[in-house]
Amino acid sequence: MRGASARRVLADLVSLIRHAVDIEADLVPYPERVRERYAAWLAQQETMGRAFTPEQRRWLDRIAEQIGVNLAVEPRDLDDVFADRGGRVAARRVLGDKWRELLDELNVALAA
């Protein structure tokens with residue numbers, strides 16, 4: 001894959017392996033699979049009465065995008081990915097005191 005980042009290649013390799021061992025029937029690029037899981041997660045949150053503000057959604061959308069490329073997002077990654085928005089300090093302000101738990105929840109739900 002010319003021009004693809006090493007992490008993107010790794011993410012696609014994970015999809016290929018999961019397909020090869022019949023964990024997933026369809027071979028779908030990992031970022032696309034994560035987008036599908038993210039949409040399902042958002043729908044589930046809405047069903048449970050959990051609403052997010054537009055600013056929170058921007059953060060969650062970007063976190064989901066990063067999981068699709070990097071397989072997971074750790075708290076320290078927010079300092080890089082969201083450096084222009086204030087990193088972990090801003091994540092706590094925008095997502096609330098349980099932002100780390102939310103990040104863990106997304107990592108599990110989207111990378112399953």
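Quick notes on the rules
Residues numbered from 1 in each chain as written. Predicted model: local features only at pLDDT ≥ 70, side-chain atom pairs only at ≥ 80, totals over all residues. Heavy atoms only, no water. Helix = DSSP H or I, 4+ residues; strand = E, 2+ residues; numbered from the N terminus. Buried < 20%, exposed > 50% of the residue type's maximum accessible area, 1.4 Å probe, protein only. Contact = heavy atoms within 4.5 Å. Areas by Shrake-Rupley, 256 points an atom, 1.4 Å probe, with all protein chains shown as cover. Salt bridge = Lys/Arg side-chain N within 4 Å of Asp/Glu carboxyl O.

**A closer look at the overall build of the protein**
Counting secondary structure elements, the protein contains six helices and zero strands. Counting helices and strands in the order they occur from the N terminus, the protein gives α-α-α-α-α-α. The buried share of the protein, taken over its 112 residues, is 35%. Across the protein, contacts joining residues at least 24 apart in sequence account for 55% of those joining residues at least 6 apart. Accessible area for the protein stands at about 7,000 Å²; split by element, carbon and sulfur atoms hold 52% of it.

**Details of the pattern of salt bridges**
Two side chains bearing opposite charge may form a pair once their charged atoms approach each other closely. Here the structure, examined in full by the defined rule, presents six salt bridges. Put simply, D61 and R57 hold a salt bridge, and the shortest N to O gap is 3.2 Å. Of the two residues, D61 and R57 both sit in helix 3 (residues 54–70), four residues apart, roughly one turn of that helix. Among the salt bridges present, the one from R92 reaches D97, with a minimum N-O distance of 3.1 Å. Since its relative accessible area comes to 61%, D97 is described here as exposed.

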